[in-house]
Structure formats: structure tokens, C-alpha cells
Amino acid sequence: RTVLCNDPEMTLPPVNIPVDTTKLRIEKTAIRRVPGETFHLLHNLEYLWMPYNSLASLSGITFKGLRHLQELRLDGNNLISFPWESLAGMPQLRLLDLHNNELTSIPPDAARFVKNITYLDLSSNKLMTLPQVLIATWANLQAVPYFPNDNSKIILGLQDNPWVCDCSLYEMVHFLNFQSPNIAFIEPRLKCFTPRSLAGVFFSQVELRKCQSPVVHTSVAKVKTILGSTVLLRCGTTGVPIPELSWRRADGAQLNGTVHQEISSDGMSWSILGLPVVSYLDSGEYICKAKNFLGATEAFISLIITDSESTDDPNSSAKGTWNGKASGMEAAAYNDKLVARYIITTSTVPTLGAGAGTGDSLLLPDVAQDSNPQNLLVSPTTGQQEPERMVRSVRVIGDTDQSITLAWKAPMAKNTTVFSVLYAIFGERDMRRINVEPGKTKVTLYGLLPKTKYIVCVCVKGLIPRKEQCIIFSTDEVVSAGGTQKLINVVVISVACVIAVPLTLVVCCGALKRRCKKCFVRKPKDVQESYVTFESLSPGAKVKGVEGEYLTRHTPDESNRLLSARSSVDSEAIPKIEGQPNEYFC
């Protein structure tokens, strides 16, 4: 028996429907709800079609007693949800049509009740994703075909929904692209709706990542610093989708700092908590929490504030040798691309000479379950952007296989600027620090190991070294380069000697020859006279017996008397009237 109701003004289902009805069609009416007892007496009902009404909701008892129902068509209504648990009371149900409704989601529990359904149409709803357990259920089903001549096992309609193509849709995309032979789709070419970059792209053309629960990576487990320093606590996380990071204190106290978020090139999300000018109130446990829709995880960082000016190891070697035991409150690690930063300290340490090789040891804190140096990123502080604090052109000058000389340029630095040199064996977490005297731009490092790769950074004291302020070198390569430079110097000097020496000999011989010739032609009398002689100037009348000469020579005894005459400054004085000379020249 078939009953058809299609009065457009009908607002409630009809009553007194014959109990032997096998097919009930209520179509294109104004019915908004179905009372719970409407279909309880229809035990023989096999087909219930209620398309294109105004149904907004259905209760779990609506279909109670319909154990022989095979088809349930509810397409074209305004349903925002469906009582999936009611399917347990309809073991014969094979077709469920929910096409063109307002469904926004399907609960994971629905997978328990759809195992017998071989035709399910969810198209033209507002579904953005499907639960993974439901997709797994479809992929593993081995059902009998609903239509007699249909070779496929399950028919699904999923098209025309605003699918969000993110990790939550990974299983579904994989399910469609590598579908089981037991599955057939009404429309297999499904499209992404969001994000905007993938809008309109077919599922077969997208590559999605599988969802992952958040994992927290902390750069340190414990931080020890002095009162008044600036501390940076770093926390990184991985997960799909990218988890949200947040900070809080274990004791519930308010955070005394600022939080900065950044994402590295490898997809890791970092959160940096900056605590400026720390006090004793900042000591305690800090909790970094990473959360996405799959769950949340937390990591703890302990901050200890001390009042000592230095946390150096008193047993550290005075010659700069590395004993492997170091303690400190600032650290930096570097590879060929990235510099890790942890703590900026403003503590003062004994100033060392430019040629000294001693210094205090620095501890690079343990990296929690992460030894990849690329996970440690650099973010220069605000103060480091000032031009006068920039160190440039850091270079290593070869010395020996156990020492090197480090030089750098700081054109904008002041005479009072103190530089810090941080160095360590490449790959190790312990670093040593040397403070250079103000105004010095060169320092020699002693106690290095031969044929060993080192990392060295130069920065203004109290700041974090930047990438361009660090270099990596090997002691054997530096020595080899130094030896090559010395060889070049020897060759240049040798060539210069070959060219310059003959010319010098020619010039010297010529000068010596002229001097010897002059000495041999000198009169014997002139050679024997070793005393000072004086000559008198006679501009007046000629003296008899002089034979026309104006200059006359005097004896040494007379020269002593002549020394008492007026100085040669007055040598231009007017001679006496008699015309006799009265001025003398020595």
C-alpha cells in the first residue's frame, strides 16, 4: 500500500495512516517537525520518502519501530542535524538520502550505524570535513550491492560541500584518490572550498599533510642568570596544523615580559618570552603550552636568579685550556646558517688584555630532545641594531696550530666599547668567553687543538652575536694559510733583493769613487791642518804685500783672540775709516 501526501499547506504529518502501509510519501509540504509517535504503528513500512518539506530537526524516537524500513529519503529539507543513533533500530535500511540539507558536521559515532547502508547521499550540505573513523569504515566495508545489477558495493554522494582542504581532510583526499573497488561516487571530482589558495582545486590535485599532535621543544630546561640581566626563554613546537603557543607561570603569577612569535623556514613555530631586568620575583617555573585540535602538550623551564657578579668556575684554567667543566648564564651556538640565542647578560667580568687567551667558560644549555642546530634561530635584540655596536669583517689570522689571532672591524665603536669573544669546538655546547680591553679589535686565542674545527663569534659585551659576526675555521687550515702567506712574502723579498741590490751597489761604488778622487787631489797642507782657521774680510784698501787678495790667513794663536770679536751676526758692520778689517769669519 502506498500513501501520498503533497498538500502545500500541510504543517503536520497525517494521522490514522493505515498500519499495513509499505510506502509513505510526504512531499512538498510545510511540515516543520514530526511528532515522535507518528510512525510507531507502521511496522510494515519499507519506504519513507519525505523530500522537499520544511523539516528543521528530527528526534531520536521519530523512526522507532521501523525495523523493516529499507529507504529513508529526507532530501530538500532544512535539517541541521540527523539522529544517527536511530539507525540502530532500522537494521534493514540500505538507502539514506540527506541531499540538499543544512548539515554542518557528522559525529564520529555515526560510523557505528552506517555499516549496513550502501547508498548514502550527503551532497549539497555544509560539510567541511568528515571524521576519519567514518572514512576508515567505508574503506573496509564489504557490503552487498543495493541495486541488483550494480557491481559497486557502496555508493556515496559527497559533492557540493564547502570542504576545507587542511590536514583534517587528509584521509578523505587519500580515500578518494586511492579509492577501494568497493566504492563508487555519484560525483568523484570533489573540489576544495577553503583556504583561498586552494579554492576550486580538485582533490586529485592537492597534497595535504597528515594531522599531528603538538610536540614541544624547549631550548633549555634550566636557566641561571644574575639579578638585573635580560632573559629570553624560547619554546618551539611542531604539529599539523601548527599549534598555538602560550606561556604561563606554574605558580599562577602574572608574566613580567613580552611574547614574540615567529615561524622558521622548516615549519617550526617559535615563541620567545623576553624578561627584561629580571628580579627575584621572576624566579620559578615557566610553562610553555602548545595546542591544536588534536590535543595539547606542555614543557617546563626553570629560571633561577642569583646575586653573584659571575658564575664562572673558579677552577678554570688560567691558560685558556678547556677542561670540559663550565658554568655560566649566557650561551650561543652557531652553524653555517643559524645562531642560537638563550640569555643576554649584562654582568661584568675581569677585563683581559688584547693578547690574552684566558676567559670564563660559557654553558650552552641542554637542548631538550633536539640536537638539530637549525632549530635554534637567531633574532637580534633591539639594542643590537645600533650602528655603533655592530662588529664587522671578523677574520682569523694564522698563527700556530694551537693558537690563532682574531681581528675584526668596528668603525662606529667608541673607545670605551668592550668586545666579547665567544669560541668553542664546532658541535660542542660549551663555549668560552674572552672580554677584550676597550678600543682593541684584535685578540689571540691560545690552547686550541690542532686540526680541529672551531666556531668563534665577536660581539659587544652584553649582546648576542649575529650571523655575520661569527665564523667557522679549522686550526690546520689557518696554519696552512699562514704558511702560504709567509712563502709569498719570502718570494717577494727575494725578487726585490735580486733587483735592488745591483742598483744599490752601482750607486755606492760611484759615490765611493768620487770621494776617493777628491781626497787624493787635496793639497798636503790642507790635509795636515786639523785646527780651525779664521779668515778676515778686507773690503777697504789693499794691504801691501798681499798681492791683490782680500782674505788673509792667521795663525791658530791669533784665532783665540779673534774669537772675542763681534759675532758673525754683525758681520755686515761698516769698516773703520782707516780701511783695516774689523770683522772675522769662522
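Residues numbered from 1 in each chain as written. Predicted model: local features only at pLDDT ≥ 70, side-chain atom pairs only at ≥ 80, totals over all residues. Heavy atoms only, no water.

Engineer: Describe the overall build of the protein chain, and please don't skip the residues or the numbers.
Structural biologist: Tallying secondary structure elements over the protein chain gives five helices and 30 strands in all. Counting across all 586 residues of the protein chain, residues that qualify as buried make up 42%. The contacts in the protein chain between residues at least 6 apart in sequence include a share of 63% that link residues at least 24 apart. Summing over all exposed atoms, the protein chain offers an accessible surface of approximately 32100 Å²; the carbon and sulfur share of this is 54%. (Helix = DSSP H or I, 4+ residues; strand = E, 2+ residues; numbered from the N terminus. Buried < 20%, exposed > 50% of the residue type's maximum accessible area, 1.4 Å probe, protein only. Contact = heavy atoms within 4.5 Å. Areas by Shrake-Rupley, 256 points an atom, 1.4 Å probe, with all protein chains shown as cover.)

Engineer: Before we move on, could you go through the pairing of strand β11 (residues 230-240) and cite the residues and values that matter?
Structural biologist: Regular strands place their side chains on alternate faces of the sheet. Most of β11 is tucked away, with nine of its 11 residues classed as buried. Of the strand pairs in this sheet, strand β9 (residues 212-218) and β11 are connected by five bridges, and their pairing is antiparallel. When the sheet's bridge partners are listed, histidine 217 is paired in β11 with glycine 236. Pairing of β11 with strand β14 (residues 269-275), which is carried by seven bridges, proceeds in the antiparallel orientation. Each residue of the ladder has a partner; that of valine 231, found in β14, is leucine 275. (Pairing = 2+ DSSP bridges.)

Engineer: Can you lay out the packing of aromatic side chains for me, pointing to particular residues and giving the numbers?
Structural biologist: Under the counting rule described, the total for this entry stands at six aromatic pairs. For the pair phenylalanine 82 and tryptophan 84, a centre-to-centre distance of 5.1 Å together with 75° between the ring planes defines the contact as edge-to-face. Note on accessibility: phenylalanine 82 and tryptophan 84 belong to one class, buried. Taking 5.8 Å as the distance between ring centres and 15° as the angle between the ring planes, the aromatic pair formed by tyrosine 454 and phenylalanine 473 counts as stacked. Of the two residues, tyrosine 454 is situated in strand β26 (residues 453-460) and phenylalanine 473 in strand β27 (residues 470-474); the sequence distance between them amounts to 19 residues. Note on accessibility: tyrosine 454 and phenylalanine 473 belong to one class, buried. (Phe/Tyr/Trp six-rings, centres within 6.5 Å; stacked < 30°, edge-to-face > 60°.)

Engineer: Go over the sheet that holds strand β10 (residues 222-226), please, and point to the residues and values.
Structural biologist: Strand order in this open sheet of four strands is β10-β16-β15-β12, and the pairing throughout is mixed. Edge positions in the sheet fall to β10 and β12 (244-249), since each has one partner strand and no second. Neighbouring strand axes in the sheet, compared pairwise and without regard to direction, differ in orientation by 25° on average. Taken together, the nine bridges between strand β15 (residues 284-292) and strand β16 (residues 295-306) define a ladder with antiparallel strand orientation. Each bridged residue has a counterpart across the sheet, and for lysine 291 the counterpart in β16 is alanine 296. (Axes fitted to C-alpha atoms, helices over the stretch in contact; angles between N-to-C directions.)

Engineer: Got a sec to walk through the pattern of salt bridges? Specific residues and values, please.
Structural biologist: Evaluated as defined, the whole model comprises nine salt bridges. In this structure, glutamate 262 and arginine 234 form a salt bridge, with 3.8 Å as the shortest nitrogen-oxygen distance. Pair noted here: glutamate 262 is in strand β13 (residues 258-263) and arginine 234 is in strand β11, with a separation of 28 residues, a long-range link. Here the two residues glutamate 262 and arginine 234 agree in accessibility, since each one is buried. Glutamate 298 is paired through a salt bridge with arginine 248; the nearest N and O atoms lie 3.0 Å apart. You can see glutamate 298 sitting in strand β16 and its partner arginine 248 sitting in strand β12, a full 50 residues away along the chain. For glutamate 298, a relative accessible area of 34% translates into the label partly exposed. Connected through shared salt-bridge partners, Glu71, Arg73 and Asp97 make up one network. (Salt bridge = Lys/Arg side-chain N within 4 Å of Asp/Glu carboxyl O.)

Engineer: Lay out the pairing of β12 in plain terms, naming residues and giving numbers.
Structural biologist: A one-sided burial pattern is seen for β12, the buried positions being Leu245, Trp247 and Arg249 and the unburied ones Glu244, Ser246 and Arg248. Note that β12 and β15 share six bridges and pair antiparallel. Across the sheet, residue arginine 249 finds its bridge partner in β15, namely tyrosine 286.

Engineer: Account for helix α1 (residues 132-140), naming residues and giving values.
Structural biologist: Buried within α1 we find Leu134, Ile135, Thr137 and Trp138. Viewed along the axis of α1, the buried residues span an arc of 155°, placing them on a single side of the element. Those residues of α1 that are buried lie in contact with β6 (119-121), β7 (154-157), α2 (170-177) and β8 (183-185). (Arc of directions from axis to C-beta.)

Engineer: Pulling in residues and values, what's your account of the packing of α1 against α2?
Structural biologist: Where α1 meets α2, the closest approach of the two axes is 9 Å, and the angle between their N-to-C directions is 20°. Judged on the interaxial angle alone, α2 and α1 are roughly parallel. In this structure, α1 crosses over α2, and the sense of that crossing is left-handed. Of the residues in α2, those in contact with Gln132, Ile135, Trp138 and Ala139 of α1 are Glu171, Met172 and Phe175. (Parallel < 35°, antiparallel > 145°, perpendicular 65-115°, else oblique. Left-handed = near helix turned anticlockwise from the far one by under 90°.)

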